[in-house]
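Residue strings, one per chain:
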Amino acid sequence: MLAAHHRKAARLGCLMLTLLTSAACRIISVPPSAPTPHANVVEVSPTPASRLYQQVMLTAVTAEEKSALPQFDITRQTPVLNGSDDPRVQAFNREMLSLVDQAAVDFKYNLVSLTPPPDSLGSSLDVRYSLLSPPGDILSIKFEMVGYVAGAAHPYHLSRTVNFDLEQGRALALAELFIPGSDYLSAIAQYCIAQLRTRDIDFADFASGAAPTPDNYRNWDITTGGLLITFEEYQVGPYAAGPQLVTIPYAALAQWIQPNGPLAPFVH
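A quick note: this is a predicted structure, and the numbers were derived from the prediction, not measured. (Residues numbered from 1 in each chain as written. Predicted model: local features only at pLDDT ≥ 70, side-chain atom pairs only at ≥ 80, totals over all residues. Heavy atoms only, no water.)

## With respect to helix 2 (residues 87–111)
Across its 25 residues, helix 2 extends 36 Å between first and last C-alpha, which sits within 8% of the 36 Å expected from 1.5 Å per residue. Listing the buried residues of helix 2 in full gives Val89, Ala91, Phe92, Asn93, Met96, Leu99, Val100, Ala103, Ala104, Phe107 and Leu111. Along its buried surface, helix 2 packs onto strand 1 (57–68), strand 2 (71–82), strand 3 (123–131), strand 4 (138–148) and strand 5 (156–165). The N-capping residue of helix 2, defined by a side-chain oxygen 2.8 Å from the backbone nitrogen of Arg88, is Asp86. (Helix = DSSP H or I, 4+ residues; strand = E, 2+ residues; numbered from the N terminus. Expected span 1.5 Å × (residues − 1). Buried < 20%, exposed > 50% of the residue type's maximum accessible area, 1.4 Å probe, protein only. Contact = heavy atoms within 4.5 Å. Polar contact = N/O pair within 3.5 Å; in protein donor to acceptor, adjacent residues only side chain to side chain.)

So, in structure tokens, the structure goes:
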């Protein structure tokens, strides 16, 4: 009886051990539940790199040069970009300095062979600039130069324009604004001629100054209101009429404007 009791207890113990082992296996084999997402996790999009024009500031550097023989006074204002050592910025600064320096060189060269009258107060040159373009990759700079040569009846005025693409690091040509092969220059000339004919400047006697040639339209600026064309004094009218400005709305040039060019953002 005792032996039978021990055998029964042994079988019961084995059964319990088997059940416990099976339960343990089932617990271990249960896959873990999916993690609960955290409500305070925020995905941050990468910040796009700023354009070069947003990293720099345009400032004016002024200088004055005087001479007693020949007697002259030169004042000049040069646009300079600060805030970056990027080669494209340096290219802009070099081009602006070169243009202003050349204006001074040309002025002094013209004085070499002149003998000023006894009562002359001397000659002078004043160079100033304006930024005409809206904020963006293009810097449209217009220089105004007022010069006087001792003994002359009146001062003279000159304009120089530079439209510099800062992302490309170079000045733009007028043709780059328009579809290659298009007759954009005739369209520009036709608009300007129509405007000039309405002005009391004796345009008929100076009409050749507005003919569709690259030289006649060398002074242009990109502005918010349109493409600004500057005609020098004597170009489309007498000295008394002064320089003439014509602003062409971009809509009037829409069919010739390069779709991916600098003027594209202005065409709606």
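Let's pick the thread back up.
## Points about helix 3 (residues 184–196)
An α-helix turns once per 3.6 residues; consequently, residues spaced three or four apart project the same way. Over its 13 residues, helix 3 runs 18 Å from end to end, which matches the ideal 18 Å to within 8%, given 1.5 Å per residue. When helix 3 is considered as a whole, its buried residues turn out to be Tyr184, Leu185, Ser186, Ala187, Ile188, Ala189, Cys192, Ile193 and Leu196. As for helix 3, its buried residues are in contact with strand 8 (227–231) and strand 9 (244–248).

## Structural notes on the pattern of salt bridges
Per the counting criterion, the structure on display carries 12 salt bridges. Salt-bridge contacts for Arg76 lead to Asp101; the nearest nitrogen and oxygen are separated by 2.7 Å. Placement of Arg76 in strand 2 and of Asp101 in helix 2 is noted, with a sequence separation of 25 residues between them. Asp215 serves as the salt-bridge partner of Arg218, at 3.4 Å between the closest nitrogen and oxygen. Classification of Arg218 as partly exposed rests on a relative accessible area of 36%. Salt bridges sharing partners connect three or more residues here, namely Glu64, Lys66 and Asp73. (Salt bridge = Lys/Arg side-chain N within 4 Å of Asp/Glu carboxyl O.)

## Details of the layout of surface pockets
Each pocket or cavity is described by its volume, and for the largest pocket that value is around 240 Å³. Around the largest pocket, the lining comprises 14 residues; the ones closest to its centre are Gly136, Asp137, Ile138, Pro262 and Pro265. Broken down by class, the residue content of the lining of the largest pocket amounts to seven nonpolar, four polar and three charged. (1 Å grid on protein atoms, 1.4 Å probe; cavity = no way out; pocket = protein on both sides within 12 Å on 5 of 7 lines; lining within 4 Å. Points joined across faces, edges and corners; volume = space filled by probe spheres on them. Nonpolar A, V, L, I, M, F, W, Y, C, P; charged D, E, K, R; others polar.)

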